[in-house]
Each structure stands twice: as C-alpha cells, then as structure tokens.
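Chain by chain, the residues run as shown.
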Amino acid sequence: MSDTLTVQTHAARDSLRIPPPMAMLAELTHRCPLACPYCSNPIELTRGNEELSTEEWIGVFRQAAALGVLHLHLSGGEPAARRDLVELTQAAASLGLYTNLITSGVGLTEARIGSLADAGLEHVQLSIQGVSPEGADRISGYKGGYERKIAVAGWTTDAGIPLTLNAVCHRQNMSEIDAMIDLAIRLKARRIEVATVQFHGWAERNKAALMPTREQVERASETVTKAREKYKGVLVIDYVPADYYSSYPKACMGGWGRVGLNVTPSGRVLPCHAAETIPSLSFETVRDCSLAEIWYESDAFNAYRGEDWMPEPCRSCERKKVDFGGCRCQAMALAGNARATDPVCIRSPLREHLTRETERLSATASTDLVYRGR
Ligand code: SF4
Ligand code: SF4
C-alpha cells in the first residue's frame, strides 16, 4: 500500500473507531466431495481455476496478520481438496496466526494430518452429520464418509491436535444430539458445536425437509443443559439454538464488520458468509485492493456498521448493542430488505408470519432431500 493510502486508511479507521478484525475465514475452495442438503455455500460455486493461488493466499495471510487478525479459519468447501493445504498452514503459522482447519475429513490421511501438525496446525473442527454410518452418509450424500470421519478424529487427537466436532442439527437428526455428545466423548474431542441449521444458500431448497419442530427444539435445549452438567470440565458444549423459535435474533457475526471477515475462494472479501445474497452490495477482491482498504473503507463493510443505518424499532431499542438488529442476510431473505429488523425479532411486524411459516414447514411429512450440486 502507498504511504498516502496508509495515512488515509488510518484516518478512516480513527474517525470511525473501527477496531481491527480478530478472525478471518479463508474459504480456500468451494470444491467438496460431500453434497450436504444444508450447505450454506452460494448456489453458484467458484470454479477451481478461479481460486487464489498459493502465493496469493499467503499474501492475504500476511496482510491479515499485519491488520491484526489473530485467528485464521481454513475452510471451504473442503479445504483438504487444496493440494497446498500444508504449505498454506505452515505459512499462516509462521506469521503468528492461530490456525483452525474446518473440514469434513474427506481428503485427509494419517500422513497428511501428521504434516499439518508439523506445519503448526493448532485446531481441527470436524463435521459430523449423524451418529450411524447409514444416517450420516445419507445426509452428507457421501458413502463411506462416516467411517472416514471416525478415522480422521483418531489421527487428529493422536497427532496432539485439539479436536472439535461440528454438528449441524435439523429435523432429521435432532433426536441424536445426546448420541452426538457421547460420540464426541468417545472420539476425545474437547468441544462439540451443535448448531441448528440456517437456511442460507442450498439449505433454502430443503427447508421443508429440515425445519425442526418446536418440540424438538425444546427437547434439544434440555438435552444440552443436562449434558453440560454431566460433562463439566471434560467437554465444552456450544449450542446454537434455532432462532426462528426464539424471541430475539442472534448477534450475527458479532455485528457486521465488527469482528471478522470472510475471503471467498476467488478472493472477494465479505463481512459474512452469506453477504453476497444482498444485491445492493458489491464486494472488492484481494486481487484489486488491500485487505486494510476493504476492512476500513469499503462501502459493503461500512453499510451496516454502527447504528445510523438502523430503522425503527431497532434504532430506539435497548438491545441494539446486544444483537445489532440481527442478521442482514436473514432480513434480506425473509423481508426482502437487508435494512429491515430481522424478522425473527418479536418486535418485527413479520414475526407472526414467520412463526406460522416455521410451524407449517416443520409439520411437513417429506424427508426427501435435494443434495448440494457439485
Ligand atoms: S456443507 Fe457439506 S457440501 Fe457444503 S461445503 Fe460443507 S461439507 Fe461440503
Ligand atoms: S428491535 Fe432490533 S435491536 Fe431490538 S431486539 Fe429486535 S432486532 Fe434487536
């Protein structure tokens, strides 16, 4: 970056009091052997020949470290589909970034996990789709995936890398939450993250087959409360409940442009994973701009920072510094307006309609899944 630009960027940061990002999600690739029906990646995937090269990614990591990023999440698609995964991990670790691999496990071998450990990988988040080979492989659309994940979990902990299991829960596997937690204990995970499905990207097509019932959601909360007590000091259990059965929305991404950023496989920089669903925004790429310019100055990052953009009832609400008005992408999807109060909120005029629609979808008999296209 030129000196003039550096001065301008620092001036913008100081005047807006924008803190630097703490975390960066690097979507190394959209390629993935699995076909999860709730995949939140965009409908139009980035092709392999459009992905950032090894040198370009390392350049992005260098800029991220200089910007103040502490945690680097290496994600996808399936990041193991990148042949340079070990090289990228090594480069990130040598820059002082805490490296976390978010993976389905497919594409990892014992030797490759050993190389990743040697390269400085500090944490693995391994997805699970269910607790039996038949059930899990049916959800992921990948035969043999469950057995591979069990093997990957063992290789990971044997290599001394702390393990978290990631489980997306929905109507078809929500009764297995206690068994998922037991599986995490058996696999020597230190943490399990059970997140209720969000209907972004491909998941939108499977709403009727995946929407949990109110009864399931209530039972899931009780299960998690009991398991937290039972495994206190042994396993951390993070649970993201279904916000469409809650009274208030989540503080999506910890607030727009406040905590972290996402870089897509082709280098577009987004305030959140689903931000490209907001048609009024356009996004710069690391091929054209520096990460610092994008973080501090881009229109997309500044669009929903602070409170000036907020409509009523958020603007005069006492919770606006707690949930920041909820999720902009959910407002776009459900209200057709990214500035609207998140329709999940009980103060939104759309909440009643959302409740009726949620209950209608959860009562659907169909379990047929439309698998993610590759
Ligand atoms: S959600 Fe499933 S299909 Fe989508 S990227 Fe992750 S593992 Fe692949
Ligand atoms: S009105 Fe807005 S700020 Fe208040 S709780 Fe609802 S979404 Fe959050």
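Keep in mind the model is a prediction, meaning the values are calculated, not measured.

Quick notes on the rules
In this numbering scheme, every chain counts its residues from 1 along its sequence in written order. All chains are assigned letters beginning at A, and all ligands numbers beginning at 1, according to the order in which they are written. Side-chain atom pairs in this predicted model are given and counted only at pLDDT of 80 or more, local residue features only at pLDDT of at least 70, and totals for whole chains, interfaces and linings cover all residues. The helix and strand labels rest on DSSP assignments: H or I over at least four residues marks a helix, E over at least two residues marks a strand, and numbering proceeds from the N terminus. It is over C-alpha atoms that the radius of gyration is taken, and the globule rule equals 2.2 Å times the number of residues to the power 0.38. Think of it as a crowd count around each C-beta: if 20 or more other C-beta atoms lie within 10 Å the residue is buried, if 12 or fewer it is exposed, and in between it is partly exposed, with C-beta placed from the backbone throughout. Defined on buried residues, the nonpolar core groups Ala, Val, Leu, Ile, Met, Phe, Trp, Tyr and Cys residues joined through C-beta atoms within 7 Å. Contact between residues is assigned whenever the C-beta positions, reconstructed from backbone atoms, fall within 7 Å. In this analysis a residue is considered near a molecule or strand if the C-beta atom, reconstructed from its backbone, is found within 6 Å of that molecule or strand. Side-chain classes are defined by residue name, with Ala, Val, Leu, Ile, Met, Phe, Trp, Tyr, Cys and Pro counting as nonpolar, Asp, Glu, Lys and Arg as charged, and the others, Gly among them, as polar. Strand pairing is assigned whenever DSSP identifies at least 2 bridges connecting the two strands. Where helices are involved, their axes are fitted lines through C-alpha atoms of the stretch in contact, as for all axes, and angles between N-to-C directions lie from 0 to 180°. In this analysis, the expected span of each helix is defined as 1.5 Å times one less than the number of residues it contains. Our arc is simply the arc of the directions from the helix axis toward the C-beta atoms. For every residue, the predictor states its confidence as a pLDDT score lying anywhere from 0 to 100.

1. Topic: the overall build of the chain
Now for step 1: Within the chain, the secondary structure is distributed over 14 helices and 9 strands.
Now for step 2: Rg of the C-alpha trace for the chain: 21 Å, near the compact-globule value of 21 Å for 374 residues, within the 12% margin.
Now for step 3: Referenced to the eigenvectors of the C-alpha coordinate spread, the extents of the chain come out at roughly 60 × 55 × 40 Å.
Now for step 4: Within the span of the chain, comprising 374 residues, buried residues form 45% of the whole.

2. Quick word on the nonpolar core
Now for step 1: In terms of nonpolar packing, the biggest core is built from 97 residues, with Leu72, Met180 and Ile192 touching the most fellow members.
Now for step 2: Setting aside residues up to four positions removed in sequence, leucine 72 forms contacts with Met24, Ala26, Phe61, Ala64, Ala92, Leu97, Tyr98, Thr99 and Asn100.

3. A short note on the site of ligand 1
Now for step 1: In the vicinity of ligand 1, the contacting residues are Cys32, Leu34, Ala35, Cys36, Cys39, Asn41, Gly76, Gly77, Glu78, Ser104, Ser127 and Arg372.
Now for step 2: Of the residues that constitute the shell around ligand 1, the class distribution is 5 nonpolar, 5 polar and 2 charged.

4. Quick notes on the sheet that holds strand β4 (residues 123-128)
Now for step 1: Strand order in the open sheet formed by 9 strands is β7-β6-β5-β4-β3-β2-β1-β8-β9, and the pairing between neighbours is mixed. Bordering the open sheet on either side are β7 (236-240) and β9 (269-270), each of which pairs with just one other strand.
Now for step 2: Where strand β2 (residues 71-75) lies against strand β3 (residues 98-103), 4 bridges are found, and the strand directions are parallel. Looking at β3, one finds that leucine 72 is bridged to threonine 99.
Now for step 3: Across the sheet, helix α6 (residues 145-158) touches β4 and β5 (163-169), and the angle it forms with β4 is around 165°.
Now for step 4: Sheet strands in contact with helix α9 (residues 214-230) are β5, β6 (191-196) and β7, and its direction is about 165° off that of β7.

5. Remarks on the site of ligand 2
Now for step 1: Near ligand 2, the surroundings consist of 14 residues, among which Cys314, Cys317, Arg319, Lys320 and Cys345 are the closest.
Now for step 2: Here the shell around ligand 2 is composed, by residue class, of 6 nonpolar, 3 polar and 5 charged.

6. Some words on the environment of glutamate 50
Now for step 1: Relative to the helices and strands, glutamate 50 is located in the loop between β1 (23-27) and α2 (54-67).
Now for step 2: On the basis of neighbour count, glutamate 50 is assigned to the exposed category, with 12 C-beta atoms found within 10 Å.
Now for step 3: Taking the C-alpha atoms as reference points, glutamate 50 and asparagine 206, separated by 156 residues in sequence, lie 28 Å from one another.
Now for step 4: Here glutamate 50 is in contact with Pro265 and Ser266, once residues within four sequence places are set aside.

7. Let's talk about unusual backbone geometry
Now for step 1: With an omega of 15°, the peptide bond between glycine 76 and glycine 77 qualifies as cis.
Now for step 2: The omega torsion of the bond from glutamate 312 to proline 313 falls at 10°, within 30 degrees of zero and hence cis.
Now for step 3: Here proline 313 shows up in the loop between α11 (299-302) and α12 (320-323).
Now for step 4: Not every positive phi belongs to a glycine, and lysine 188 is a case in point at roughly 65°.
Now for step 5: Structurally, the position occupied by lysine 188 is in the loop between α7 (177-186) and β6.
Now for step 6: Unusually for a residue other than glycine, phenylalanine 324 sits at a positive phi of about 55°.
Now for step 7: Considering the arrangement of structural elements, one finds phenylalanine 324 in the loop between α12 and α13 (328-335).

8. Focus: α6
Helical periodicity: at 3.6 residues per turn, an α-helix aligns residues three or four positions apart in one direction.
Now for step 1: Under the 1.5 Å per step criterion, the end-to-end length of α6 is 20 Å for 14 residues, consistent within 8% with the ideal 20 Å.
Now for step 2: Among all positions in α6, only Gly145, Tyr146, Lys149, Val152, Ala153, Trp155 and Thr156 are buried.
Now for step 3: Buried positions along α6 lie against α4 (110-119), β4, α5 (133-140) and β5.
Now for step 4: Phi turns positive, to about 80°, at glycine 160, one or two residues after α6.

9. A few points about α9
Now for step 1: Along its 17 residues, α9 runs 25 Å from first to last C-alpha, staying within 8% of the 24 Å computed at 1.5 Å per residue.
Now for step 2: Taken residue by residue, α9 has Gln216, Val217, Ala220, Thr223 and Ala227 as its buried positions. Along the axis of α9, the buried positions cluster into a sector of 120°, meaning they face one direction only. Facing away from the buried surface of α9 by more than 90 degrees, the exposed residues are Glu215, Glu222, Thr225, Lys226 and Glu229.

10. Some remarks on the environment of threonine 225
Now for step 1: In this structure, threonine 225 sits in helix α9.
Now for step 2: What makes threonine 225 exposed here is the crowd of 12 C-beta atoms within 10 Å.
Now for step 3: Sequence-wise, threonine 225 and glycine 105 are 120 residues apart; in three dimensions their C-alpha atoms are separated by 29 Å.

11. What to know about the confidence of the model for the chain
Now for step 1: Averaged over all residues, the pLDDT of the chain equals 94, while 95% of them reach at least 70.
Now for step 2: Predicted confidence for residues 1-8 stays below pLDDT 50, and this span has 4 contacts to residues more than four positions away or in other chains.

12. Remarks on the environment of isoleucine 185
Now for step 1: When you line up the elements, isoleucine 185 lands in helix α7.
Now for step 2: Taking the C-alpha atoms as reference, isoleucine 185 lies 31 Å from aspartate 368; in sequence the two are 183 residues apart.
Now for step 3: Not counting chain neighbours up to four residues away, the residues in contact with isoleucine 185 comprise Tyr231 and Leu235.

13. Some points on the pairing of strand β8 (residues 260-263)
Now for step 1: The pairing of β1 with β8 spans 4 bridges and is parallel. In the strand pairing of β8, leucine 25 is matched with asparagine 262.
Now for step 2: Judged from the 2 bridges that link them, β8 and β9 form a sheet pairing that is antiparallel. Each bridged residue has a counterpart across the sheet, and for valine 263 the counterpart in β9 is valine 269.
Now for step 3: Counting the residues in the hairpin turn of β8 and β9 gives 5 residues, including glycine 267, whose phi is positive at 95°.

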